[in-house]
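# Geometric and topological summary
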Amino acid sequence: MVASLTLVSFAEESVELGVRTSPLKLMQKVKDAAYAEGLHDGFARAESNSASKSTQFAALICETIDDLNLQAAEARVRAASAIGPILEALLETIAPDLALHALNSQIARVVADAAKESLSRAITVKVAPENLAALAVIFERQSELQLHASPGHSAHQATVEWNDGRTNIDLSRAIDQSRAIIANYFDSEIEGLKNV
């Protein structure tokens with residue numbers, strides 16, 4: 001009796017010694033096993049490389065988004081820094097004329113209200129000397145109105161007096177408050193953007 005030895009391989013098939021297997025079949029089995037092992041290793045490497053590249057790509061996207069957010073915040077700081085001085089210059093340029101127009105309108109309203117309230121028609125308006133000519137044109141038909149130049153008044157101040165009362169108008173404070181509001185707003189806005 002001849003004993004046969006069996007070799008156990010880690011492949012699914014086992015080969016019996018003593019049984020003749022053609023060398024071509026044996027080579028084909030070795031080739032198929034090597035191919036399967038290589039295919040499995042190749043898939044594992046490709047999967048690992050793909051995961052690594054995906055992680056690198058995601059990190060690059062996150063870094064790019066962070067850079068864009070930083071650039072946007074810096075742009076907002078630069079814009080806010082530029083807008084503040086522009087608004088202040090606009091306020092310096094336009095506000096005096098607007099305040100003068102508003103002052104004249106305010107004086108006209110107070111004079112009209114005083115004329116309705118007062119038993120006496122005598123109303124006195126005191127303004128800065130540079131505003132006197134413009135008010136004389138506005139009130140040229142009201143003979144009982146007395147206009148006086150008052151060197152103590154700024155271009156944006158007036159006092160309207162009548163027998164029963166007195167009203168002080170001061171729009172220069174409104175201009176100063178506007179300046180302060182603009183300065184405070186942009187200072188706090190810029191500080192807030194810097195902390196983003």
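The structure we're discussing is the one just above.
Given the structure is predicted, the values throughout are model-derived calculations rather than measurements. (Residues numbered from 1 in each chain as written. Predicted model: local features only at pLDDT ≥ 70, side-chain atom pairs only at ≥ 80, totals over all residues. Heavy atoms only, no water.)

### Re the nonpolar core
Condition: The set of buried Ala, Val, Leu, Ile, Met, Phe, Trp, Tyr and Cys residues whose side-chain atoms join them within 4.5 Å is what this entry labels a nonpolar core. Accessibility here uses a 1.4 Å probe with only protein chains present; expressed as a share of the type maximum, an area under 20% marks a residue as buried, one over 50% as exposed, and anything in between as partly exposed. Here a helix means four or more residues in a row that DSSP labels H or I, a strand means two or more in a row labelled E, and each is numbered from the N terminus.
Grouped together as the largest cluster of nonpolar side chains are 23 residues, with contacts concentrated most on Ile107, Val111, Ile123, Val125 and Val160. Within the residue set of this core, elements represented by two or more residues are helix 1 (23-117), strand 3 (123-127), strand 5 (157-162) and helix 3 (172-194). In terms of residue count, helix 1 provides more of this core than any other element does, nine residues in total.

### Regarding the sheet that holds strand 4 (residues 145-149)
Quick note on the threshold: When DSSP finds two or more bridges between two strands, those strands count as paired. Angles here are taken between N-to-C directions and fall from 0 to 180 degrees, while the axes themselves are lines fitted to C-alpha atoms, restricted in helices to the stretch in contact.
Spatially, four strands are ordered 4-3-5-6 in an open sheet, and the strand pairing comes out mixed. In this open sheet, the two edge strands, each paired with only one partner strand, are strand 4 and strand 6 (165-170). Adjacent strand axes in the sheet meet at a mean angle of 15 degrees when their direction is disregarded. As paired elements, strand 3 and strand 5 share five bridges and run antiparallel to each other. Note that in strand 5 the partner of Lys126 across the bridge is Thr159.

### Some details on the pairing of strand 6
Pairing geometry for strand 5 and strand 6, over six bridges, is antiparallel. Bridging from a neighbouring strand, Val160 pairs with Thr167 of strand 6. Connecting strand 5 to the next strand, strand 6, in antiparallel fashion are two residues.

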